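# Residue-level structure breakdown
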Amino acid sequence: MGTDLHELLRSLRVWDPEVTSLPPFDPAAAPAAPLPLFATWFAEAVAAGEREPHTMSLATSDAEGHADVRIVMLHGADADGWSFATHATSHKGTHLATHPYAALAFYWPTLGRQIRLRGPVTTAPSTDSQSDLHARSTGALAAALTGHQSEVLGSLEELAKESQAAWERAQREPDAPVPTWTLYRLLPDEVEFFQGDERRRHVRLKYGREAAGWTKELLWP
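This text gives an overview of the structure that appears in the document. (Residues numbered from 1 in each chain as written. Predicted model: local features only at pLDDT ≥ 70, side-chain atom pairs only at ≥ 80, totals over all residues. Heavy atoms only, no water.)

What the largest pocket holds in volume is close to 480 Å³. His87, Ala143, Gly147, His148 and Gln149 are, among the 24 residues lining the largest pocket, the residues nearest its centre. Listing elements by their share of the lining of the largest pocket, those giving two or more residues are β2 (67-73), β4 (81-87), α5 (138-146) and α6 (156-172). At five residues, α5 tops the list of elements feeding residues into the lining of the largest pocket. Split into classes, the residues belonging to the lining of the largest pocket amount to 10 nonpolar, nine polar and five charged. In this structure, the second largest pocket spans a volume of roughly 160 Å³. Lining the second largest pocket, in full, are Ala103, Leu104, Ala105, Arg116, Leu117, Arg118, Glu190, Val191, Glu192, Arg204, Lys206 and Leu219. Sorting the residues of the lining of the second largest pocket by element identifies β5 (101-108), β6 (113-123), β8 (190-195) and β9 (203-210) as the ones contributing at least two each. Residue classes in the lining of the second largest pocket are distributed as six nonpolar, no polar and six charged. (1 Å grid on protein atoms, 1.4 Å probe; cavity = no way out; pocket = protein on both sides within 12 Å on 5 of 7 lines; lining within 4 Å. Points joined across faces, edges and corners; volume = space filled by probe spheres on them. Helix = DSSP H or I, 4+ residues; strand = E, 2+ residues; numbered from the N terminus. Nonpolar A, V, L, I, M, F, W, Y, C, P; charged D, E, K, R; others polar.)

Shown next as structure tokens:
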């Protein structure tokens, strides 16, 4: 099994210059702040047909400082930060209550692009959290109403029963409150834009937050 996996990995190729053409990126033309560039790259990922471009990796740490990572959905990005949501009682929520600092990473392979952010995380007011939840789909509300996120599950039958009841309530009460549902906002200290190059001359531009605004610097790939 190990040999088969190794051979499979060796057979894969990323950005083969004979068949790959990635977009150019001129860091000298980048805006003074990262948010406009993020919005441009996000729109280009959507236009390129990237599947689920709004998904991102969220890295947190627990009380012992041990790292954890998972995929979550971007709920917005503005002057208040990049936002995502979860139950305050989930692993993500308890981690952030202990260490309110996190990292985010987007990867859009069609364009050979990554965006990495890290910074402090704050919780939005409860009214904003509930508004965020109720602006989403019936399925999202049903999942939130099911609750118990990250708890041990006794059986799939138990999940099916609880989920069905939650779906029925979500359809019956589209404004049903979920007190533990929390909107989080990461206000980055650093944002890095990575543009892959098929000849491995990758362009990395890092923004750093300072009191007077943002600095920009290039990083070796």
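This brings us to the pairing of strand β1 (residues 55-61). As paired strands, β1 and β2 are joined by seven bridges and run antiparallel to one another. Residue pairing for β2: Ser57 is matched across the bridge by Ile71. Following β1, the chain reverses through five residues before pairing antiparallel with β2; Gly65 in that reversal takes a positive phi of roughly 85°. The pairing of β1 with β5 spans three bridges and is classified as antiparallel. Directly across from Ala59, in β5, lies its bridge partner Ala103. (Pairing = 2+ DSSP bridges.)

To continue, consider helix α4 (residues 126-134). Taken together, the buried positions of α4 are occupied by Ser129, Gln130, Asp132 and Leu133. Down the axis of α4, the buried set is contained in an arc of 155°. They therefore lie on one face. (Buried < 20%, exposed > 50% of the residue type's maximum accessible area, 1.4 Å probe, protein only. Arc of directions from axis to C-beta.)

Further remarks concern the pattern of salt bridges. Applying the stated criterion across every chain yields a total of nine salt bridges. Between Glu192 and Arg204 there is a salt bridge, with the nearest N and O atoms lying 2.6 Å from each other. Of this pair, Glu192 sits in strand β8 while Arg204 sits in strand β9, placing them 12 residues apart in sequence. (Salt bridge = Lys/Arg side-chain N within 4 Å of Asp/Glu carboxyl O.)

In this structure, Phe38, Phe84, Phe106, Ile115, Leu117 and Phe193 are the most contacted members of the largest nonpolar core, which totals 27 residues. Looking at this core, the elements with two or more residues in it are α2 (34-47), β1, β4, β5, β6, β7 (181-186), β8 and β9. Setting aside chain neighbours within four positions, we find Leu117 in contact with Trp82, Ala102, Ala103, Leu104, Phe106, Leu186, Pro188, Glu190 and Val191. In terms of nonpolar packing, the next biggest core, distinct from the first, is built from 13 residues, Ala170, Ala176, Val178 and Trp181 among them. (Core = buried A, V, L, I, M, F, W, Y, C linked by side-chain atoms within 4.5 Å. Contact = heavy atoms within 4.5 Å.)

Before going further, it helps to spend a moment on helix α3 (residues 91-98). Of the residues making up α3, those classed as buried are Lys92, Gly93, His95 and Leu96. End-on, the buried residues of α3 take up no more than an arc of 165°, which puts them together on one face. Lining the buried residues of α3 we find β1, β2, β4, β5, β6 and β7.

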